[in-house]
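Letter by letter, the chains look like this.
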Amino acid sequence: MNSETHLLVVGGGPAGVTAALQARELGARVTLLEADQVGGTSLNRGPAPVRTLARAARLARDWSSWATFGLEGPPPVPDLPAVVANSERVARYAHDKKDMAGHLRQHGIDLVEDLGPVGFTDPHTLAANGAGTWSADRIILAVGGHAGRLRIPGADLALTYEDIPSLASLPRRVAVVGGADTGCQIASIFDDLGVAVTLFEAGPVLVPAADASVSAELIRAFRARDMNVHTDTRVEALVADGGAVRVDYRSGQASAHMIADAVFFAVGWPASLGQLALAAAGVHATPGAIPVDSYLRTNVEHIFAAGDVNGRSMVVQTARMEGRIAATNAVLGATRHASYDVVPSGSFTDPEYGRVGLTEAQAAEQHDVIVGVARYDDLLRPVADGRPEGFCKLIADRRTHTILGAHVLGEYSAETVQTVAACMAAGMTIEQVAELQLAFPTFTEAVCMAAQKICRALGIGHFPQVWSYLGAED
């Protein structure tokens, strides 16, 4: 490849924007096509506005602990339109204050927004209805995904997280179908805002991808707040019931139903492939993703796929990494591999959780593992904040002392797990992490305390039992 390479990027979310900027940095001529507004789900409809909604829910929740701190006052009354308007402020910030579109154009990228669907007409060309055609030497598909829907009777009665801004007021009763990351976030937000929530998960545990300790504690915490949680339960139909919705479900051989004012699906995130006409380019795809090799190439050598569309890792940070690598490989030739060894992520549930690396069960498949857990109720900061529920769990290899994973549940979990991720990326051993002088009193202090517990169990480092976690070792 050379600087005359013309790269066409389809999709203006984190993967597409990063790919376009990286390709320009490498000297390519770049065209970026976006069906709607640049920024993608992560800024316009997903993590940014949902995190802002979660913040409002947390503030409402915190009223219940005022008395503990000697504070008095009436409970806050959520004004849903105002709450939603504030969440949309975050999305506007990227456009109005940061001028993302202008930034891209200033870097020499030919940005075309509000195109609607585009599709291949041949392996090097895509077209939009009535808006033109674009051809290029190399193409990166970064069209992202969309909220999945169950194929059950009455599925059209269900909403997804994207429909929350359309609600005029808070429903009294909400059913959430799907107990993975997104479903648990939706359930948490509505529960904290005072809504009666019922959560359905078809599998045996909430957040199946999480460590078993996180899944178990999350379901305990939800039920302790009087949330109705049904695992091993399949929703079979939705039926209009006046102005409400009847949810028919089955658990084992038992059938039952409940009435909700709103039902939300959170049942997966398939790639948005419907309008791409991949067959015209010869690109192979499954119903939910476009398979790629380690260079992020599809089966067609000059066409790459980055971000949610390839189904590898549905998080923004990975999408950005893949965007950079796909652009580098498209412009300079296939030399860089995508890496997924250390990808921290967090979910803004209540309680919050964060994770990086392997779960204990995954690690035990190939390693002799040792685990250290620092409980939040043994740390000063969580107790001082009135949020002592939670823990930081580290998993290490008993022989090499390598950190294999970390799982944190409780306040600031998504931030705390970043510390472990940095240690893993730097190749630090568990004894090196145990020696860190992390600030006191903080939640992040749990990281080195959990590491010290592992070192004590291994008989290395001669770490004493400090006052913050006096008591039985576990």
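Structure's up top.
Residues numbered from 1 in each chain as written. Predicted model: local features only at pLDDT ≥ 70, side-chain atom pairs only at ≥ 80, totals over all residues. Heavy atoms only, no water.

S.K.: Give me the lowdown on the packing of aromatic side chains, citing residues and values where you can.
M.R.: Considering all chains together, one arrives at five aromatic pairs under this definition. Between Phe-190 and Phe-264, the ring centres sit 5.2 Å apart and the planes meet at 35°, which makes this aromatic pair tilted. Here Phe-190, found in helix H6 (residues 181–192), pairs with Phe-264, found in strand E14 (residues 262–265); they are 74 residues apart in sequence, far enough to count as distant. With relative accessibility at 2%, the residue Phe-190 sits in the buried group. Between Phe-200 and Tyr-249, the ring centres sit 4.8 Å apart and the planes meet at 50°, which makes this aromatic pair tilted. Of this pair, Phe-200 sits in strand E9 (residues 196–200) while Tyr-249 sits in strand E12 (residues 244–251), placing them 49 residues apart in sequence. Relative accessible area serves as the criterion here: at 1%, Phe-200 is assigned to the buried category. (Phe/Tyr/Trp six-rings, centres within 6.5 Å; stacked < 30°, edge-to-face > 60°. Helix = DSSP H or I, 4+ residues; strand = E, 2+ residues; numbered from the N terminus. Buried < 20%, exposed > 50% of the residue type's maximum accessible area, 1.4 Å probe, protein only.)

S.K.: Provide a residue-level description of unusual backbone geometry, including the pertinent values.
M.R.: The omega torsion of the bond from Asp-350 to Pro-351 falls at 5°, within 30 degrees of zero and hence cis. One can find Pro-351 in the loop between strand E16 (345–347) and strand E17 (353–357). With a phi close to 50°, Ala-277 is a non-glycine residue in the positive phi region. Position of Ala-277 among the secondary structure elements: in the loop between E14 and strand E15 (303–305). Given the relative accessible area of 37%, Ala-277 is considered partly exposed.

S.K.: So what about the pairing of E14? Which residues, and what values?
M.R.: Burial along E14 is two-sided: the face carrying Ala-262 and Phe-264 and the face carrying Val-263 and Phe-265 are both buried. Across four bridges, strand E8 (residues 173–177) lies against E14 in parallel orientation. Of the residues in E14, the one forming a bridge with Val-176 is Phe-264. (Pairing = 2+ DSSP bridges.)

S.K.: An account of the side chain of Glu-34 is needed here, citing residue identities and associated values.
M.R.: Within the fold, Glu-34 resides in the loop between strand E2 (29–33) and helix H2 (40–44). Engagement of the side chain of Glu-34 in a polar contact is seen with the backbone nitrogen of Gly-12, the distance being 2.6 Å. Within the structure, Glu-34 has its side chain in polar contact with the backbone nitrogen of Asp-36 (distance 2.8 Å). With sequence-adjacent residues up to four places away left out, Glu-34 is seen in contact with Gly-11, Gly-12, Gly-13, Val-112, Glu-113, Asp-114 and Leu-115. (Polar contact = N/O pair within 3.5 Å; in protein donor to acceptor, adjacent residues only side chain to side chain. Contact = heavy atoms within 4.5 Å.)

S.K.: Describe the pattern of salt bridges, and please don't skip the residues or the numbers.
M.R.: On inspection of all chains with the given rule, the structure shows 20 salt bridges. Among the ionic pairs, Arg-250 bridges to Glu-236, the shortest N-O distance being 3.1 Å. Taken together, the residues span a long stretch of sequence, with Arg-250 in strand E12 and Glu-236 in strand E11 (residues 234–241) at a distance of 14 residues. Taking the shortest distance from any N to any O, the salt bridge between Asp-385 and Arg-381 comes out at 2.8 Å. Where salt bridges share partners, they join Arg-61, Asp-62, Asp-191, Asp-192, Arg-225, Asp-350, Arg-387 and Glu-411 into one cluster. (Salt bridge = Lys/Arg side-chain N within 4 Å of Asp/Glu carboxyl O.)

S.K.: Can you explain a nonpolar patch on the surface? Please cite residues and give values.
M.R.: Taken together, the side chains of Trp-63, Trp-66, Phe-69 and Leu-71 present a nonpolar region at the surface, about 370 Å² in accessible area. Mapped onto the elements of the fold, Trp-66 is located in the loop between helix H3 (47–62) and helix H4 (80–97). (Patch = residues over 30% accessible without salt bridge, like charges linked within 9 Å, V, L, I, M, F, W, Y side chains within 5 Å. Areas by Shrake-Rupley, 256 points an atom, 1.4 Å probe, with all protein chains shown as cover.)

S.K.: If you had to explain helix H7 (residues 212–224) to someone new, which residues and values would you point to?
M.R.: Spanning 13 residues, H7 covers 18 Å between terminal C-alpha atoms, matching the ideal 18 Å at 1.5 Å per step. By the burial criterion, the buried members of H7 are Val-214, Ser-215, Leu-218, Ile-219, Ala-221 and Phe-222. The buried residues of H7 occupy an angular sector of 160° when projected down its axis, which confines them to one face. Looking at H7, the residues exposed on the side facing more than 90 degrees away from the buried face are Ala-212 and Ala-224. (Expected span 1.5 Å × (residues − 1). Arc of directions from axis to C-beta.)

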